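Examining the three-dimensional arrangement
Each chain, written out:
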Amino acid sequence: PDGNIYAMPAPNEGFHAMFMQKMWIYKPWLDKLSLPMPTTTEEFYNVLMAFKTQDPNGNGKADEIPFSGSPTGYVTQVHNFLMNAFTYAPLSWLTANNGQVEVPYNKPEWKEGLKYLHRLYADGLMDPQALTQDGNQLKQLGENPDVPILGAVSTLHMGEFTQFFGESGRWKDYVAVPPLKGPGGVQ
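Before going into details, it helps to say that this report is about the structure given with it. (Residues numbered from 1 in each chain as written. Predicted model: local features only at pLDDT ≥ 70, side-chain atom pairs only at ≥ 80, totals over all residues. Heavy atoms only, no water.)

1. Remarks on the pairing of strand β1 (residues 22–26)
Formally: Burial classes: relative accessible area under 20% of the type maximum marks a residue as buried, over 50% as exposed, and values in between as partly exposed (1.4 Å probe, protein chains only). Each helix corresponds to a stretch of at least 4 residues labelled H or I by DSSP, and each strand to a stretch of at least 2 residues labelled E; elements are numbered beginning at the N terminus. Two strands are said to pair when DSSP picks up at least two bridges between them.
Counting buried positions along β1 yields 5 of 5 residues, so the element is predominantly enclosed. Of the two faces of β1, the one carrying Lys22, Trp24 and Tyr26 and the one carrying Met23 and Ile25 are both buried. By the bridge criterion, 3 bridges tie β1 to strand β6 (residues 174–176) in an arrangement that is antiparallel. Opposite Ile25, over in β6, you have Val175 as the bridge partner.

Dropping the structure here:
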């Protein structure tokens, strides 16, 4: 009525909203295989290889899926967390550098990150379905009824791949991986 526009600031400092690109890993498998939490991309690779080859769910079958995701979920794409070990890759894709707008995907470091993702895929550590499945299919992997089969997934929170407060209670067994250091020292 007085010609002015008034507003109240609404800052959101929720950890899940401020740091959306996370990697969740199934802690009971780390414990069972006596593996430390990975801190580098190479250590992450080695953990995934152990998940694939050492039967951490103990059922005698090679049914473990070391790493998965979904192109349609909320921050569930396989590159979200991992590319930040090669170059700064925010969700917005845009950064400012000395007054210039830049994107991460036109840099040589991005290409190195893609080579790393290809290595995970070629060695059977990344689920091929991660490139095509929807969020419901990803959640079915996280909530496999017989035994856990999903080792790691990149997403905002555990509710993207497990059922919060579900019968299995599996969501409580996934823990966040700290930012990984890449081969070039980027973290």
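2. Focus on unusual backbone geometry
Peptide bonds are, in most cases, trans, and in most cases residues other than glycine have a negative phi. The backbone of Ser34 sits at a positive phi, close to 55°, despite the residue not being glycine. Within the element layout of this structure, Ser34 appears in the loop between α2 (27–32) and α3 (41–53). The exposure class assigned to Ser34 is exposed, which follows from its relative accessible area of 65%. Even without being glycine, Val75 reaches a positive phi, approximately 60°.

3. So, the packing of aromatic side chains
Under the convention used in this document: Ring pairs are drawn from Phe, Tyr and Trp, using the six-membered ring of Trp, whenever the two centres fall within 6.5 Å, and their geometry is named by plane angle: stacked under 30 degrees, edge-to-face over 60, tilted for the rest.
One pass over the structure, following the stated rule, counts 12 aromatic pairs. Their ring planes at 50° and their centres at 4.9 Å tell us that Tyr26 and Tyr174 sit as a pair that is tilted. Residue Tyr26 is located in strand β1, and its partner Tyr174 is located in strand β6; the two are separated by 148 residues in the primary sequence. Seen from their ring centres, Phe165 and Trp171 are 5.1 Å apart, and the 70° between their planes marks the pair as edge-to-face. Relative accessible area serves as the criterion here: at 70%, Phe165 is assigned to the exposed category.

4. Some thoughts on helix α5 (residues 108–122)
The condition that has to hold: Working rule for helices: expected span equals 1.5 Å times residues minus one. Directions drawn from the helix axis to the C-beta atoms are what define this arc. Residue contacts are counted whenever heavy atoms from the two residues lie within 4.5 Å of one another.
Across its 15 residues, α5 extends 21 Å between first and last C-alpha, which sits within 8% of the 21 Å expected from 1.5 Å per residue. Here α5 has its buried residues at Trp110, Gly113, Tyr116, Leu117 and Leu120. What you see down the axis of α5 is that its buried residues fit within an arc of 110°, all on one side. For α5, exposure combined with an orientation more than 90 degrees from the buried face picks out Pro108, Lys111, His118 and Ala122. In this fold, the buried residues of α5 make contact with α3, β2 (65–68) and α4 (79–82). In the stretch just after α5, Gly124 is the one whose phi turns positive, near 75°.

5. Considering the nonpolar core
Convention followed: Throughout this description, the term nonpolar core refers to a set of buried Ala, Val, Leu, Ile, Met, Phe, Trp, Tyr and Cys residues connected via side-chain atoms within 4.5 Å.
Within the largest apolar cluster, 42 residues are counted, with the highest numbers of intra-cluster contacts made by Phe67, Leu82 and Leu120. Counting only elements with at least two residues in this core, the list comes to β1, α2, α3, β2, α4, α5, α6 (135–142) and β5 (150–155). Looking at which element gives the most residues to this core, the answer is α3, with 6 residues.

6. Thoughts on the pattern of salt bridges
Inclusion rule: The term salt bridge refers to a pairing of a side-chain nitrogen on Lys or Arg with a carboxyl oxygen on Asp or Glu at a separation within 4 Å.
For the coordinates displayed, the defined rule picks out 4 salt bridges. Residue Glu42 pairs with Arg119 through a salt bridge whose shortest N-O separation is 2.9 Å. Of this pair, Glu42 sits in helix α3 while Arg119 sits in helix α5; the two residues are 77 residues apart in sequence, bridging distant segments of the chain. Between Lys107 and Glu102 there is a salt bridge, with the nearest N and O atoms lying 3.5 Å from each other. Taking the relative accessible area as the measure of exposure, Lys107 reaches 24% and is therefore partly exposed.

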